[in-house]
Every structure is written in structure tokens, then in C-alpha cells.
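# Chain and residue survey
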Amino acid sequence: MRTLLNGGELPGQRWEPGYPLDGTLVAMAMQVEQERRTPFGHFQIVRRSDGTVIGDIGFHGPPDDLGGVSIGFGIVPAARGHGYATEALHTVLAWALRQPEIRSIHADSDLVNLASQRVLVNAGMQLVADEGDRKVYEIQAA
């Protein structure tokens, strides 16, 4: 994360133009500030066909005392609309929901970001709050 925040790339990686996204840098800066080693971190989304990093997905921190965790994701504009975000979110949600400390996973979306809202719903999350300019989605552990 520190390498990416400092404008560097990891050896052997190819990035789609537009990566890292602004949201990527904000999320990584938050995690670096927390300086915690946890599996609830940040992950790059790599397109299988050519090995190019096209976005990322990650947790905003470790689970809270009630077992809740927040998640966010982003895909560069050129790679949107191909199901990459839904596949990545579905995979990360499935992993997180198998962790014993997790009770719920939350995500929010700007009111106008309909594509992000579709991704959240398609990955199994449900709308739980409409806060005017943001919609909040959640999935509960079984």
C-alpha cells in the first residue's frame, strides 16, 4: 500500500490506464494510518485474460466489536460493465462471511451511482438505508 500511495508500482504488474482510482488512494491511506495487520485489507482486481490490474476491492478496516465490517470497490472506467466488480465483490463477501468474527458487511453508494448499486444487489447485498445522498447496503452472516 505504501508503494502505491507513493506513486510506485509493484514489479511485474500492469495497470489499466486510470488506475489507481482516487477512491483507491483514499482507502489505502486510511488503512496505512491504522497500521494493523489483518486479513481484512485491500486487494487489487486483476483481469484474468491479460493480468492487468483494473481496480480494487477492500475493507475499510477490521470488524468492529459487533462483527460488522465495511467494504468498498472500484473499477477503472475502461473495464466497467463486464461483471468484474460483481465477481470480485461476490468472492470477497463469500470469504468474509465464512470468518467467525463477521456478523454483517456494509457498503454504501452515492445516490446517483446506479452501476455500483446494481453490483451490490447482484452480489447479494440488500438496501437497508436511504440517507438522501447515499444508499447503504448490507449482507448478514448466516
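Everything in this summary refers to the structure shown in the same document. (Residues numbered from 1 in each chain as written. Predicted model: local features only at pLDDT ≥ 70, side-chain atom pairs only at ≥ 80, totals over all residues. Heavy atoms only, no water.)

Time to look at the overall build of the protein. From N to C terminus, the protein includes four helices and seven strands. When its helices and strands are written in sequence order, the protein yields α-β-α-β-β-β-α-β-α-β-β. For the protein, the proportion of its 142 residues judged to be buried stands at 39%. Contacts spanning at least 24 positions in sequence make up 53% of the contacts within the protein whose residues lie at least 6 apart. Carbon and sulfur atoms form 52% of the exposed surface of the protein, whose accessible area is close to 8,300 Å². (Helix = DSSP H or I, 4+ residues; strand = E, 2+ residues; numbered from the N terminus. Buried < 20%, exposed > 50% of the residue type's maximum accessible area, 1.4 Å probe, protein only. Contact = heavy atoms within 4.5 Å. Areas by Shrake-Rupley, 256 points an atom, 1.4 Å probe, with all protein chains shown as cover.)

Relative to each other, helix α3 (residues 84–97) and helix α4 (residues 114–122) sit at 40°, their axes nearing to 9 Å. Judged by the inter-axis angle, α3 sits oblique to α4. Pair α3 / α4 crosses with right-handed handedness. For the pair α3 and α4, contact is made by Ala85, Thr86 and Leu89 and by Val119, Leu120 and Asn122, respectively. Among the residues forming the contact of α3 with α4, the class breakdown is four nonpolar, two polar and no charged. (Axes fitted to C-alpha atoms, helices over the stretch in contact; angles between N-to-C directions. Parallel < 35°, antiparallel > 145°, perpendicular 65-115°, else oblique. Left-handed = near helix turned anticlockwise from the far one by under 90°. Nonpolar A, V, L, I, M, F, W, Y, C, P; charged D, E, K, R; others polar.)

In this section: the pairing of strand β3 (residues 52–59). Buried residues dominate β3, accounting for eight of its eight residues. In the sheet, strand β1 (residues 14–15) pairs with β3 via two bridges, with the strands oriented parallel. Residue Arg14 lies in a different strand from β3, and its bridge partner there is Thr52. As paired elements, strand β2 (residues 42–46) and β3 share five bridges and run antiparallel to each other. Each residue of the ladder has a partner; that of Val46, found in β3, is Val53. Taken together, β2 and the strand that follows it, β3, pair antiparallel across an intervening segment of five residues, in which Gly51 is found at a positive phi of about 70°. Bridging between β3 and strand β4 (residues 68–75) involves five bridges; their strand directions are antiparallel. Following the sheet pairing, Asp56 is matched in β4 by Gly74. (Pairing = 2+ DSSP bridges.)

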